[in-house]
Amino acid sequence: MSNSQNRNNIVAHQEIWCGKEVVLIDAVHGEDSKIHGNRENESNMNEEKFDDVRILEQKRDTSQTVKESQDFMYPCTVCPTWLRPIDGKTTVIPSIQEIKSWDFDVLIYNEEVLVPVCEKMLEYYDLYQKFNIDKVVMNDFIVNVWKNHESLPYHNWYHAVGTMNTIFNFLTLAGAEAYATDLEIFVMLIGGLAHDTQHPGQNNEYHIKIGSERAKRFQDISIHENHSINWTIELWERPIDHDHILSGLTADDRSYFLDYFRRVILYTDPSVHGELSKRLIQIINEKVNNGAEAFDRNIKEDRILLGECLLHASDISNPAHGDFETAKDWCQRIATEFREQVFLEKQRGVTVTGYMDGLDTELAVVKMQIGFCNFMALPFFQLVGKVLPRSKVLEENIIRNTKGYEERMKVILFPSSEK
Ligand SMILES: [Zn+2]
């Protein structure tokens, strides 16, 4: 069931997405349209209690030994034409000018190169100096986060750095830095990097269905997000004589850092998409539509909303990439991970996630991505474009990339139409 509502030209309706009610804002068609949400039958839940989570050891190896990229392990056999003709990953460290770009593409780099990429974004804001951070300690932390990402098709080290980079671009290129304190900028960047640490490759709902240890530990609430938060904070709760990236902070700053860190990472849980959209609609209607800026740097609640908004937007920003080839690369990665989850669901006899099922043809993958763009990414980035007008290019990129998928769909359906 969907329920239309119209408030000051913003049309929204409720749907079920990932098993949760979310608000979808009609953007493209201007009318309610059906999406393939996950209408799971809870009664079908399997009673078996398994835990698919492969926990990596929290290694504290400070050396940047060359870790051979496993990234080429996941070419999508369903969409072979989407793979980019690259012989290998580049090992050249990009400049900050290259990093500070909506078109920056983490996927073309060797994994180890992304460590200095992270450091450059922190250096840009002079965070080492401002918060008394030892460079070796920060390097140790970044490498540790890297080594606690599995070699998954999507939820991997590239996604971690890509999310951090999009946050960086929101702060710099879209001007969000004007509404945040230095400490909040520090949290957002570290939060983007660490938000999916030790992600196992299946979503929260899967872990609830199988009753995994991780689901039980977090009582079925934002399971992976809470795990990443806890994993990271544990690094900072070691004995007082152990240096870590928060060692140089005052007690008040450390307390605020941890609070903000928890809040913003929890907003990478897709189930809060609707609630966050509603809050953005509210400030657009109350402030932006009346000529005021969406965020006031002097109001703490505004700065919290900004952090939540930037983390969520950056986490789902792949369809908004400036290069359609890069957007397609991310799409085939998530489709591969979805197929693997469906395989596990069938193997365990639990309810198969509707929108992940049947991605066995290029047409199905294209349709899935068009649906994601039209009903989740574009409506959200249209709101983000209103609260941060200098990010409107992302909305335009999604529209252009969606057209690219629609063109591809036509070619698949009507091969003779290919030019
Ligand atoms: Zn993520």
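The structure displayed is predicted, hence computed values, not measured ones. Numbers given for residues are sequential positions, taken from 1 along each chain in its written order. Totals for whole chains, interfaces and linings use every residue, but because this is a predicted model, local features are given only for residues with pLDDT of at least 70 and side-chain atom pairs only at 80 or more, for both listing and counting. Remark: hydrogens and water are excluded; side-chain values derive from all non-hydrogen atoms of the structure.

1. Observations concerning the pattern of salt bridges
This is how it is decided: Salt bridge, as used here: a side-chain nitrogen of Lys or Arg that lies within 4 Å of a carboxyl oxygen of Asp or Glu. Strands are runs of DSSP state E lasting at least 2 residues, helices are runs of H or I lasting at least 4, and numbering of each runs from the N terminus. Only protein chains enter the accessibility calculation, which uses a 1.4 Å probe; a residue is then buried when its area is under 20% of its type maximum, exposed when over 50%, and partly exposed in between.
The tally for this structure, following the rule as stated, stands at 15 salt bridges. A salt bridge links K328 to E325, with the shortest nitrogen-to-oxygen separation between them at 3.5 Å. Of this pair, K328 and E325 both sit in helix 13 (residues 324-348), three residues apart, which is roughly one turn of that helix. Look at E325 and you get partly exposed, because its relative accessible area is 32%. Connected through salt bridges with shared partners, the residues E275, R279 and E308 form a single ionic network.

2. Structural notes on the UniProt feature "binding site: AMP" (unreviewed entry) in the chain
How we decide: UniProt positions are given in the numbering used here, feature names are shortened, and annotations may be inferred rather than shown by experiment. Between N or O atoms, a polar contact is any pair within 3.5 Å; within protein, one atom must be a potential hydrogen donor and the other a potential acceptor, and residues adjacent in sequence are included only when both atoms are from side chains.
UniProt's entry tags H155, N156, W157, Y158, H159, D196, D315 and Q369 with the feature "binding site: AMP" (unreviewed entry), counted in the numbering of this structure. Judged by its relative accessible area of 1%, Y158 is buried. Only 3.5 Å separates the side chain of Y158 from the backbone nitrogen of E111, close enough to count as a polar contact. Under the relative-accessibility criterion, D315 is labelled buried at 12%.

3. Here's the deal with the packing of aromatic side chains
Quick reminder of the rule: Two aromatic rings, drawn from Phe, Tyr or Trp (for Trp, its six-membered ring), form a pair once their centres lie within 6.5 Å of each other, and the interplanar angle then sorts them: stacked below 30 degrees, edge-to-face above 60, tilted otherwise. Remark: a charge is flagged as sitting over a ring if the NZ atom of Lys or the CZ atom of Arg is within 6 Å of the ring centre and within 35 degrees of the ring normal.
Counted according to the given criterion, the structure contains 18 aromatic pairs. Ring centres of F141 and W236 lie 5.9 Å apart, and the angle between their planes is 35°; this geometry places the pair in the tilted category. Within this pair, whereas F141 is found in helix 4 (residues 135-147), its partner W236 is found in the loop between helix 9 (223-235) and helix 10 (251-266), the two being separated by 95 residues in sequence. With 5.4 Å between their ring centres and 85° between their planes, W236 and F257 make a pair best called edge-to-face. Placement of the pair is W236 in the loop between helix 9 and helix 10 and F257 in helix 10, with a sequence separation of 21 residues. F257 shares its class with W236; the two are buried. Positioned above the aromatic ring of Y128, the side-chain terminus of K135 is 5.1 Å from the ring centre.

4. Overview of unusual backbone geometry
In terms of backbone geometry, most residues other than glycine have negative phi values and most peptide bonds are trans. Of note in this structure, D220 is not a glycine but carries a positive phi near 65°. A residue is classified by how much of its surface remains accessible, and D220, at 38% relative accessible area, is partly exposed. In this structure, S222 is a non-glycine residue whose phi angle is positive, near 35°. Here S222 is to be found in the loop between helix 8 (213-217) and helix 9.

5. Thoughts on the coordination of the zinc ion
To be explicit about the condition: Sites may look incomplete, because water is not among the atoms used; the donor set itself consists of N, O and S atoms within 2.8 Å of the metal (3.2 Å for Na, K and Ca). Labels for metal geometry use angle windows, namely 85 to 135 degrees for all angles of a four-donor tetrahedral site, and for square planar (four donors) or octahedral (six donors) sites opposite donors over 155 degrees apart plus all others within 65 to 115; sites meeting none of these are irregular.
For the zinc ion, the full set of protein donor atoms is H159 (NE2), H195 (NE2), D196 (OD) and D315 (OD), and the range of their distances to it is 2.1 to 2.2 Å. Considering all four donor atoms around the zinc ion, the spread of angles at the metal, 84 to 172°, places the coordination shape in the irregular class. We note that the donor set of the zinc ion lies within a single chain, spaced as H-x35-H-D-x118-D. Of this pair, H195 sits in the loop between helix 6 (182-194) and helix 7 (204-210) while D315 sits in helix 12 (residues 300-315), and the two are 120 residues apart along the sequence. The buried category is assigned to H195, whose relative accessible area is 0%.

6. Digging into helix 4
Note the threshold: Between the first and last residue of a helix there are one fewer steps than residues, each counted as 1.5 Å, and that sum is the expected span. Note on definitions: a residue-residue contact is assigned when non-hydrogen atoms from the two residues lie within 4.5 Å.
With 13 residues, helix 4 ought to run about 18 Å at 1.5 Å a step, and its terminal C-alpha atoms sit 18 Å apart, in line with that. Across the 13 residues of helix 4, 11 count as buried, placing the element largely inside the fold. Inspection of helix 4 places V137, M138, N139, D140, F141, I142, V143, N144, V145, W146 and K147 among the buried residues, and these make up the whole buried set. Looking at the packing, one finds that the buried side of helix 4 touches helix 2 (114-124), helix 3 (127-130), helix 5 (157-172), helix 6 and helix 9. Capping of helix 4 at its N-terminal end is provided by D134; its side-chain oxygen lies 2.8 Å from the backbone amide nitrogen of V136.

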